[in-house]
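The chain contents come next:
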There are 4 protein chains.
Amino acid sequence: MPDTRKYVIKFGCPDRTGIVARISSFLAELGGWITDSAYHTDPDTGWFFTRQVVTAESIPFDIDELRARFAGIARSLGAEADWKILDSGERRRVVLLVSKEGHCLYDLLGRVASGELDVDVAAVIGNHEHLASITNAHGIPFHYVPFGRDSESKAEAFAQVAKLVDAHDPHAVVLARFMQILPPELCEAWQGRAINIHHSFLPSFVGARPYHQAHQRGVKLVGATCHYVTADLDAGPIIEQDVMRVDHTDSVDDMIRKGRDVEKVTLSRGLRWHLEGRVLVHGNRTMVL
Amino acid sequence: MPDTRKYVIKFGCPDRTGIVARISSFLAELGGWITDSAYHTDPDTGWFFTRQVVTAESIPFDIDELRARFAGIARSLGAEADWKILDSGERRRVVLLVSKEGHCLYDLLGRVASGELDVDVAAVIGNHEHLASITNAHGIPFHYVPFGRDSESKAEAFAQVAKLVDAHDPHAVVLARFMQILPPELCEAWQGRAINIHHSFLPSFVGARPYHQAHQRGVKLVGATCHYVTADLDAGPIIEQDVMRVDHTDSVDDMIRKGRDVEKVTLSRGLRWHLEGRVLVHGNRTMVL
Amino acid sequence: MPDTRKYVIKFGCPDRTGIVARISSFLAELGGWITDSAYHTDPDTGWFFTRQVVTAESIPFDIDELRARFAGIARSLGAEADWKILDSGERRRVVLLVSKEGHCLYDLLGRVASGELDVDVAAVIGNHEHLASITNAHGIPFHYVPFGRDSESKAEAFAQVAKLVDAHDPHAVVLARFMQILPPELCEAWQGRAINIHHSFLPSFVGARPYHQAHQRGVKLVGATCHYVTADLDAGPIIEQDVMRVDHTDSVDDMIRKGRDVEKVTLSRGLRWHLEGRVLVHGNRTMVL
Amino acid sequence: MPDTRKYVIKFGCPDRTGIVARISSFLAELGGWITDSAYHTDPDTGWFFTRQVVTAESIPFDIDELRARFAGIARSLGAEADWKILDSGERRRVVLLVSKEGHCLYDLLGRVASGELDVDVAAVIGNHEHLASITNAHGIPFHYVPFGRDSESKAEAFAQVAKLVDAHDPHAVVLARFMQILPPELCEAWQGRAINIHHSFLPSFVGARPYHQAHQRGVKLVGATCHYVTADLDAGPIIEQDVMRVDHTDSVDDMIRKGRDVEKVTLSRGLRWHLEGRVLVHGNRTMVL
């Protein structure tokens, strides 16, 4: 995470000659100091994507003016152009949804406390109370929202979760081994901000008890997948995946234990990239620039 | 692969107290010199498995007598006991089935030629002629068996393949990127000997064009799976799997290219373990001891 | 970590025929229920190693009697035989030494709090106060022992550390990114119990600032090494190592950040194996059984 | 490797504002169709690097004219600017130096034969005759140049090797497990073109018998390093590295066998990147763009 204030430009449009020249000339004319840049052209979809990072102090006006001027550039590159300019000076707010399993929560809180992940964890919301005390020990409010089994009480619980989350207007809503399936309207409302860690190497072992499925199939590696949440269960755009070797000596419990290390590291990488504005989504695929 | 002649005992039975004592005492009384041994108890199925390697010269009689005597031990450990004694002095014969893609064939032939994989490749059978010349350059007969598209001509072709394979009574029939699906009767006939390399991390992307499926799903790792062939497509017991990182810059063709390295290495590991008698199958899972 | 009470036998001696038979018959005659066993013969040194786990309730007497009887077996296998019997019912005590960097501490405390690592962290000792509050939040005493720069004040500080550590007679003294070099007498006193995590893939980049060294050399992977501490700096027996890919875009700080995930996971694996009695040391090499 | 003819621009210079704009505007004004581009700014050295790929047919003149015009752009970006424009239409020539161990040779020849690596292997030169027949089977000339043990006969042998290599003016001279140390004058002459595969994860285990060194140190991973050859033994800029897990059951011979798979895959990746003009060297570090 940057010490110096920076503006992060994320941009995508149908590919054509001269896009890089247009954008880089625009920035060069302003005297913009580019500290990081990445480009990608997808030959299958014919789209062009870029992420550019410039130091705020090299831009002779504020971010609103930068956005206004860049809008002109974007417009000239086609009506479909899709862009956003982020301000690293705006502190990132994150809300975490948890259940009973604490490894992802412990890991994220440790990263925040040690300064590695420079964000505000605005709140932790749990459908169980197990993780309240560690959350409070980090000085973060914990909200306990119990979930019933019938659809009506689930709907009520989700309404309460939504209210608690939206009060912070977070940059990311992280399902850190939250064991409830988000209703379609929340998938919609938090599109591109709700991030889940699924405890398998998707698309293998969608749904419940993936390590049990993995054990039964006799796979030789277990994995985890960090992805944006969509209305299709475990089928949203994948941000990051990783795996770990297992063998016949590993029981389901061993797989669960070993898998936790993959889950927490994979989630933290995906979340970091999301917050740094590195993840561009097109269709159901991500570009990590 | 062993220089000194060795006997490899593979054994499985329902777990109970004293199995190791029984087997190791039997070997100790013979003066058997154990050079490698592995044990595994599976708590889920309640089965016990072991692989023991003894030097042939430490056993005071021949392998037939060893088998006869061990049969008594095995019987005393229960009617379900399942065992086999292999002789490393019997040179391993392998038949390879190929199509157009040569990377697994080139790799296996290279390993054999350099002495790394100490086997006889008795024959290579292809449903295309592409790989005939490299096979012949290694002094190995290549049989071209064209496959029609209708089921009748496929059946005829498979009958011819079966005849060619069975003439060598091979220890392994390797589907080295052979693009035809074995008929159930051959799966049956070659059970525990037919080894396939599937170009995905199973159970993801069963069937045709797995890299296309992987690209479309936007996964961040591609993989390969070496497994025993069964009548269920790509669902047999997994011997070995591995993966390689890909990212958004990789086209389908890049994934295919990168995946080849995983396929060939994974296949060669699985084949080696099979030939060394390390792979014990129970239900749909393998123990690699 | 076991729920059922178990005895763990670690045994090593010069290899000869009949060792497995002797030990397994001994256990079988007692009716010992073996839940886990591993054997290894090292052809270079000619030594045999085994680790056997039996349920306590299957043994008809207590651990002292088991030790007394096993001593006879061990004696019969040669004067050099080296063995130990651990009792899983004896809760493992661990003392952690830390400095300013908290990622390993956060990780271990999270594992303990979530029940994944079933140990008592008896105390955390720091040469800085940075990590006192998170330690206390977990209900664990933190001892601040400042280290001066001259050798006399270091010696005093180490004397104080030794006193604090030894008061708990811990099964493991973990240098969780403790940035002070243990004096030879403590290496001696804690031999086989003092575990360090070094932030490089040893033997590359011994000593200070390994990520800086790695960046300067332009390596494409960074790693971490969990090893027993000996008087030779970073040269003790390696328990576990792992690596992570980096590339030219990674600054030293990026390497440090990415490396933390490898360090903490590698340390926790090594520590777990040590506490489960899986690590047998012979010369400067470890067998993890 | 490209089907469509392309020009690859490699460029480096001290970083300043507007470089990307200058280069991309230059290309845009020509109507250049950029199919691949990458940028990197190294904060430590203050250098900027880029690689740009444009289709040849989108450039309205030939490569000589492109070079002439680009020279003006480069000059305007500073006297230190370092650049090159490659033509993918010029078929890449490679000469391989080998000894007795064939795994890297088999692997490269297989990749070339199957079309995966689209290069001309102009010649294979061996200081032993072991690999002559496989080379000839691929229709490639093999030159046997025996090396004596005294320095004079070595010098003569190297003179002969140099003559054979230089006759082809190759884009890459690959030391595919060639066990002789290049004399300084050949390191100089082939600077940036001579590529070695070292059978360890450098900087660990420089020099002879690295697997023996690795076994003795008891490491838990073995690796391979593909690097440019310089006069400092095994100390040249690293292009690619990879590792593979080993454990206490692996003898030195097992490590050698397992390591081969890492060596051949690592070498082929490094060689591909080199030939595609992806590797930019600055000081002793590489950027792979």
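Residues numbered from 1 in each chain as written. Chains lettered and ligands numbered in written order. Predicted model: local features only at pLDDT ≥ 70, side-chain atom pairs only at ≥ 80, totals over all residues. Heavy atoms only, no water.

Identification of chain A as Formyltetrahydrofolate deformylase from Prauserella halophila is taken from an unreviewed UniProt entry. Annotation of chain A in UniProt includes, under Pathway (unreviewed entry), the sentence "Purine metabolism; IMP biosynthesis via de novo pathway; formate from 10-formyl-5,6,7,8-tetrahydrofolate: step 1/1." Looking at chain A in UniProt, the text filed under Catalytic activity (unreviewed entry) is "(6R)-10-formyltetrahydrofolate + H2O = (6S)-5,6,7,8-tetrahydrofolate + formate + H(+)". (UniProt positions renumbered as here; feature names shortened; annotations may be inferred.)

A. Local environment of helix 7 (residues 210-217) of chain A. Considered for burial, the residues of helix 7 of chain A that qualify are Pro210, Tyr211, Ala214, His215 and Arg217 of chain A. Seen end-on, helix 7 of chain A carries its buried residues on one side only, within an arc spanning 165°. Where helix 7 of chain A is buried, its residues meet strand 9 (194-198), strand 10 (221-228) and helix 8 (252-275) of chain A together with strand 11 (238-245) and strand 13 (285-288) of chain B. Following helix 7 of chain A by one or two positions, Gly218 of chain A has its phi on the positive side, about 75°. (Buried < 20%, exposed > 50% of the residue type's maximum accessible area, 1.4 Å probe, protein only. Helix = DSSP H or I, 4+ residues; strand = E, 2+ residues; numbered from the N terminus. Arc of directions from axis to C-beta. Contact = heavy atoms within 4.5 Å.)

B. Region of interest: the pattern of salt bridges. Within the structure shown, the criterion is met by 102 salt bridges over all chains. As a salt-bridge pair, Arg51 of chain A and Asp36 of chain A come within 3.5 Å of each other at their nearest N and O atoms. With Arg51 of chain A in strand 3 (residues 47-55) and Asp36 of chain A in strand 2 (residues 34-42), this residue pair connects regions lying 15 residues apart in the sequence. Overall, Arg51 of chain A belongs to the buried group, its relative accessible area being 5%. A residue is classified by how much of its surface remains accessible, and Asp36 of chain A, at 31% relative accessible area, is partly exposed. One salt bridge connects Asp261 of chain D with Lys264 of chain D, and the closest N-O pair in it is separated by 3.5 Å. Of this pair, Asp261 of chain D and Lys264 of chain D both sit in helix 8 (residues 252-275), three residues apart, roughly one helical turn. On the basis of relative accessibility, which here comes to 7%, the residue Asp261 of chain D falls in the buried class. Residue Lys264 of chain D is classed as buried on the basis of its relative accessible area of 5%. Shared partners join several salt bridges into a network, and the residues in it are Glu101, Arg260, Asp261 and Lys264 of chain A together with Asp107, Arg111 and Glu116 of chain C. (Salt bridge = Lys/Arg side-chain N within 4 Å of Asp/Glu carboxyl O.)

C. Inspection of the environment of Ala113 of chain D at higher detail. In this structure, Ala113 of chain D sits in helix 3 (residues 103-113). Look at Ala113 of chain D and you get partly exposed, because its relative accessible area is 41%. In the structure, Ala113 of chain D is positioned 118 residues away from Ala231 of chain D in sequence and 33 Å away in space, judged by C-alpha atoms. Each residue touching Ala113 of chain D, except ones within four places of it in the same chain, is listed here: Tyr106 of chain B together with His138 of chain D.

D. How the structure looks around the interface of chain D and chain B. Between chain D and chain B, the residue contacts involve 19 residues of the former and 19 residues of the latter. Summed over both partners, the interface of chain D with chain B buries about 1,500 Å², with 55% contributed by carbon and sulfur atoms. Three residues, Tyr106, Glu116 and Arg257 of chain D, lead the burial of chain D against chain B; their summed loss comes to 31% of the area buried on that side. Notably, a salt bridge pairs Glu116 of chain B with Arg260 of chain D, separated by 3.4 Å at the nearest N-O pair. Inspection of the region where chain D meets chain B yields six residue pairs in polar contact (both at pLDDT 80 or more). Going through the elements one at a time, helix 3, helix 4 (132-137) and helix 8 of chain D are the ones with two or more residues in the side of chain D that touches chain B. (Buried area = accessible area lost by both parts, 1.4 Å probe. Polar contact = N/O pair within 3.5 Å; in protein donor to acceptor, adjacent residues only side chain to side chain.)

E. Looking closely at the relation of the copies chain A and chain B. In screw terms, the move from chain A to chain B is a rotation of 180° and a rise of 0.0 Å along the axis, fitting with an RMSD of 0.0 Å. Both copies are brought into coincidence by an operation consistent with a two-fold rotation axis. It is Ser204 of chain A whose C-alpha, among those of chain A, lies nearest the rotation axis, at 2.5 Å. A shared binding surface is used by both copies, with 100% of the interface residues of chain A retained as interface residues in chain B. (Least-squares fit on C-alpha atoms with pLDDT ≥ 70 in both.)

F. Focus on the layout of surface pockets. In this model, the second largest pocket occupies a volume close to 1,000 Å³. Among the residues making up the lining of the second largest pocket, the classes are represented as 20 nonpolar, twelve polar and eight charged. (1 Å grid on protein atoms, 1.4 Å probe; cavity = no way out; pocket = protein on both sides within 12 Å on 5 of 7 lines; lining within 4 Å. Points joined across faces, edges and corners; volume = space filled by probe spheres on them. Nonpolar A, V, L, I, M, F, W, Y, C, P; charged D, E, K, R; others polar.)

G. Spatial organisation of the sheet that holds strand 5 (residues 93-98) of chain C. Residue and element names in this part refer to chain C. Across the sheet, seven strands lie side by side as 7-6-5-8-9-10-11; this open sheet has mixed pairing. Both outer strands of the open sheet, strand 7 (142-144) and strand 11 (238-245), are each paired with one neighbouring strand and no more. Direction aside, neighbouring strands of the sheet carry axes that sit 15° apart on average. As judged from the seven bridges shared by strand 10 (residues 221-228) and strand 11, these two strands associate in the antiparallel manner. Paired with Val222 across the bridge in strand 11 is Met244. (Pairing = 2+ DSSP bridges. Axes fitted to C-alpha atoms, helices over the stretch in contact; angles between N-to-C directions.)

H. Summary view of the packing of aromatic side chains. Enumeration over the complete set of coordinates arrives at 36 aromatic pairs over all chains. Between Phe11 of chain A and Phe70 of chain A, the aromatic rings sit 5.9 Å apart at their centres with planes inclined by 85°, giving edge-to-face as the arrangement. Placement of the pair is Phe11 of chain A in strand 1 (residues 6-14) and Phe70 of chain A in helix 2 (residues 63-76), with a sequence separation of 59 residues. A relative accessible area of 1% means that Phe11 of chain A is categorised as buried. Ring plane angle 55° and centroid distance 4.7 Å describe the contact between Tyr39 of chain A and Tyr39 of chain D, whose orientation is recorded as tilted. Residue Tyr39 of chain A is found in strand 2, and its partner Tyr39 of chain D is found in strand 2 (residues 34-42); the two belong to separate chains. Here Tyr39 of chain A and Tyr39 of chain D have matching classes, each one buried. Here the aromatic residues Phe11, Phe26, Phe70 and Trp83 of chain A are joined through ring pairs into a cluster of three or more. (Phe/Tyr/Trp six-rings, centres within 6.5 Å; stacked < 30°, edge-to-face > 60°.)

I. Looking closely at the domain arrangement of chain A. Residues and elements named next belong to chain A. Examined at the domain level, chain A breaks down into domain 1 (6-87) and domain 2 (93-288). For domain 1 and domain 2, the distance between their C-alpha centres works out to 31 Å. Taken together, the contact pairs twelve residues of domain 1 with eight residues of domain 2. Contact between domain 1 and domain 2 buries roughly 830 Å² in total, counting both sides, with carbon and sulfur atoms accounting for 60%. Area buried by domain 1 at its contact with domain 2 is led by Lys10, Phe49 and Arg51, which between them contribute 56% of it. Viewed at the interface, domain 2 and domain 1 are joined by two salt bridges. (Domains from an automatic or database assignment.)

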